[in-house]
Amino acid sequence: MYCKNCGNILASNANFCHVCGAKVEIDDIFDAPKTEEKNEEVEAFKEELKDYYNQEEPKKEEPKPEPGFYQDFYGYKSSPEEQQAYRDKAMKKRAFIPGLIGTIGCGFLLMDSIMTYLVNIFYYNQLYNSGVDSSQTYLENCYNALTSSIVTLALATILGGVLGTIGLVTASKVNNKKARIFGAIAVALACIALALAVLVFVYRVEVGNHI
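A. Focus on the overall build of the chain. Counting secondary structure elements, the chain contains five helices and two strands. Ordering the α and β elements of the chain from the N terminus gives α-β-β-α-α-α-α. Taken over 211 residues, the chain has a buried fraction of 25%. At a minimum sequence separation of 6, the contacts of the chain that also span at least 24 residues come to 59%. Per element, the accessible surface of the chain, about 15,900 Å² overall, is 59% carbon and sulfur.

Shown next, in the form of structure tokens:
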């Protein structure tokens, strides 16, 4: 401990300062003298720390990929040949989708047209045979049913033909067997729908001549 009056070091059990003779009180005991002098080394170190933390960090230039190369999120660089190979692989996996959609859509519309026409004709025949509808009404109902079937068959032809053709063209580019099969089925269904649409149209004209 230190003397509060002169700042000299005292013994731990001293009651008076051996330099100035001041009495040492228990409440006046302190561990270090309070001096106004600043420690130059500490202040210099503080200034060095301030300069270190206040200085601007040098900007790091991000490496630019070489011309023609693609750099992804993980930093992997791929050449134009690798990029084209990846696109071809992705296209090959999805090449069958147009043909599949064309097959399902054209087949659904084709079956819907046939089933709707058969149900309507059966219903109109029942009304005509039971005497509810006259022959004129029966022919008009048949004419309307044939018109609805033509519209549905036309949609089936367009859907199956367009998507099937896209599927065949894509299959020829990527050499995908599955895409070629679905594209051929869609085109075949479109041809069937077109043939039925022509037959129904001819029959519709004949029915219209009797109305």
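Moving on from the model shown.
B. Representation of a nonpolar patch on the surface in the model. Where nonpolar side chains cluster on the molecular surface, the patch consists of Leu194, Val198, Phe201, Val202 and Val205 and spans about 430 Å² of accessible area. Structurally, Leu194 can be placed in helix H5 (residues 177-209). The exposure class of Leu194 is partly exposed, given its relative accessible area of 45%.

C. Quick peek at H5. Relative to the 48 Å expected for 33 residues at 1.5 Å per residue, H5 spans 49 Å between its end C-alpha atoms, a close match to the ideal helical length. Contact partners of the buried residues in H5: helix H3 (97-129) and helix H4 (135-174). Two or three places before Lys178, at the opening of H5, Asn176 has a side-chain oxygen 3.0 Å from that residue's backbone nitrogen.

D. Inspection of the packing of aromatic side chains at higher detail. Across all of its chains, the model carries three aromatic pairs by this definition. Above the plane of the ring of Phe96 lies Lys178, whose end atom (NZ or CZ) is 5.0 Å from the centre.

E. Local environment of the packing of H3 against H4. Two elements in contact, H3 and H4, have axes whose closest approach is 7 Å; the angle formed by their N-to-C orientations is 175°. With respect to H4, the axis of H3 lies roughly antiparallel.

F. Summary view of the nonpolar core. Core analysis: the largest hydrophobic core is formed by 13 residues, its most contacted members being Cys106, Leu110, Leu153, Ala156, Ala193 and Val200. Counting residues per element, the ones that place at least two in this core are H3, H4 and H5. With five residues, the next largest nonpolar core counts Ile121, Tyr124, Tyr138 and Ala145 among its residues.

G. Fine view of the confidence of the model for the chain. Confidence in the prediction for the chain averages 79 pLDDT; 70% of positions are at 70 or higher. Element-level pLDDT for the chain is lowest in strand E1 (residues 70-71), with a mean of 55, against a maximum mean of 92 in H5. pLDDT under 50 marks residues 29-38. Its contacts with residues more than four places away, or in other chains, come to ten contacts.

H. Fine view of unusual backbone geometry. For Asn175, which is not glycine, the phi torsion reads 60° and is therefore positive. Among the secondary structure elements, Asn175 is positioned in the loop between H4 and H5.

I. Quick peek at the side chain of Arg204. Looking at the element boundaries, Arg204 is found in helix H5. Lacking a salt bridge, the buried Arg204 has Glu206 as its closest oppositely charged neighbour, with an N-O distance of 12 Å. In contact with Arg204, not counting residues within four places along its chain, are Tyr143, Leu146, Thr147 and Ile150.

J. Geometry of the side chain of Ser149. Inspection of the secondary structure assignment puts Ser149 in helix H4. The class of Ser149 is buried, set by a relative accessible area of 5%. Among all residues touching Ser149, those that are not within four sequence positions of it are Ser113, Tyr117 and Val200.

The rules behind each value
Residues numbered from 1 in each chain as written. Predicted model: local features only at pLDDT ≥ 70, side-chain atom pairs only at ≥ 80, totals over all residues. Heavy atoms only, no water. Helix = DSSP H or I, 4+ residues; strand = E, 2+ residues; numbered from the N terminus. Buried < 20%, exposed > 50% of the residue type's maximum accessible area, 1.4 Å probe, protein only. Contact = heavy atoms within 4.5 Å. Areas by Shrake-Rupley, 256 points an atom, 1.4 Å probe, with all protein chains shown as cover. Patch = residues over 30% accessible without salt bridge, like charges linked within 9 Å, V, L, I, M, F, W, Y side chains within 5 Å. Salt bridge = Lys/Arg side-chain N within 4 Å of Asp/Glu carboxyl O. Expected span 1.5 Å × (residues − 1). Polar contact = N/O pair within 3.5 Å; in protein donor to acceptor, adjacent residues only side chain to side chain. Phe/Tyr/Trp six-rings, centres within 6.5 Å; stacked < 30°, edge-to-face > 60°. Lys NZ or Arg CZ within 6 Å of the ring centre and 35° of its normal. Axes fitted to C-alpha atoms, helices over the stretch in contact; angles between N-to-C directions. Parallel < 35°, antiparallel > 145°, perpendicular 65-115°, else oblique. Core = buried A, V, L, I, M, F, W, Y, C linked by side-chain atoms within 4.5 Å. pLDDT = per-residue confidence, 0-100. Lys, Arg positive; Asp, Glu negative; His and termini not counted.

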